[in-house]
Amino acid sequence: MEGFLAALVISFAVIFVAELGDKSQLMAMTFATRYRPVPVLIGITVATAVVHLVSVGIGYGLGAALPTGWISLVAGLAFLAFGAWTLRGDALTDDEKNKAERSTGSAILAVGGAFFLAELGDKTMLATITLATQHGWFGTWIGSTIGMVAADALAILVGRYLGKHLPEKVIKYGAATLFAIFGIWLITEGVIELR
């Protein structure tokens, strides 16, 4: 059970932080202005669960096939890259914003489809793959899914009630710092293991 809980907690924390300021969080805010929060959250949850299940499958397969020392080094470098990506920022294009605002039909299908496509190849998907190489797939899947849904639920609440008063720089720098810490930690583990 310790392995499951560790994977759950670490994945939750990493993905929650990774999602802060991400374009899918901006999409959640946009959808929340058009639809009620519950269908938006259901769509986000379903899309996230599917994308992260694929992610942990890929990561778990890589983890079983590669030596753990090298995986730690690569994962550490990936987390440093995620930190740099976070500092660079992420924004919705005008086309993505227009699609989110004009979506018709079922809110759950509109939100779920948009989130599924937005998350393919996104840093949260790549972070989930990386985490699954280090931890059990089930705990990583549950933790990463809950972490992303929690961050997007926060975005919906903030978007609906506080408008645009988010301290974006604080969030951006805090997330980048946490990624750097995780990256350095994993690189250190990898170097120690390869000695």
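Scroll up a little and you will see the structure.
Structure report, in brief. From a predicted model like this one, the values you see are computed outputs, not experimental measurements. (Residues numbered from 1 in each chain as written. Predicted model: local features only at pLDDT ≥ 70, side-chain atom pairs only at ≥ 80, totals over all residues. Heavy atoms only, no water.)

All right, on to the overall build of the protein chain then. When helices and strands are tallied, the protein chain shows nine helices and zero strands. Along the protein chain, helices (α) and strands (β) appear in the sequence α-α-α-α-α-α-α-α-α when read from the amino end. Expressed as a percentage of the 195 residues in the protein chain, the buried residues total 45%. Within the protein chain, counting contacts between residues at least 6 apart in sequence, those at least 24 apart form 94% of the total. A total of about 9900 Å² of accessible surface is found on the protein chain, and carbon and sulfur atoms cover 71% of it. (Helix = DSSP H or I, 4+ residues; strand = E, 2+ residues; numbered from the N terminus. Buried < 20%, exposed > 50% of the residue type's maximum accessible area, 1.4 Å probe, protein only. Contact = heavy atoms within 4.5 Å. Areas by Shrake-Rupley, 256 points an atom, 1.4 Å probe, with all protein chains shown as cover.)

Before going further, it helps to spend a moment on the nonpolar core. Phe-31, Tyr-35, Val-40, Ile-44, Val-111 and Phe-115 are the most contacted members of the largest nonpolar core, which has 24 residues in total. For this core, the secondary-structure elements that each account for two or more residues are α1 (2–19), α2 (23–34), α3 (37–65), α6 (107–119), α7 (123–134) and α8 (137–161). Contacts of Ile-44, omitting those with residues within four sequence positions, involve Ala-28, Val-111, Phe-115, Val-149, Asp-152 and Ile-156. (Core = buried A, V, L, I, M, F, W, Y, C linked by side-chain atoms within 4.5 Å.)

Relative to the elements of secondary structure, Ala-81 occurs in helix α4 (residues 68–88). The spatial distance from the C-alpha of Ala-81 to the C-alpha of Lys-123 is 9.5 Å, given a sequence separation of 42 residues.

Counted under the stated rule, the structure contains five aromatic pairs. The interplanar angle of 75° and the centroid separation of 5.5 Å between the aromatic rings of Trp-137 and Phe-138 together place this pair among those described as edge-to-face. Clustering of aromatic rings is evident, with ring pairs tying together Phe-4, Trp-137, Phe-138 and Trp-141. (Phe/Tyr/Trp six-rings, centres within 6.5 Å; stacked < 30°, edge-to-face > 60°.)

Attention now goes to α7. Helix length check: α7 (12 residues) gives 17 Å between terminal C-alpha atoms against 16 Å at 1.5 Å per residue, within 8%. Most of α7 sits out of view: 10 of its 12 residues are buried. Lys-123, Thr-124, Met-125, Ala-127, Thr-128, Ile-129, Thr-130, Leu-131, Ala-132 and Thr-133 are the residues of α7 that are buried. (Expected span 1.5 Å × (residues − 1).)

What follows is about α6. In this model, α6 (13 residues) spans 18 Å end to end at C-alpha, consistent with the 18 Å of a helix rising 1.5 Å per residue. Along α6, the residues that are buried comprise Ala-107, Ala-110, Val-111, Gly-112, Phe-115, Ala-118 and Glu-119. Phi for Gly-121, located one or two positions after α6, is positive at around 80°.

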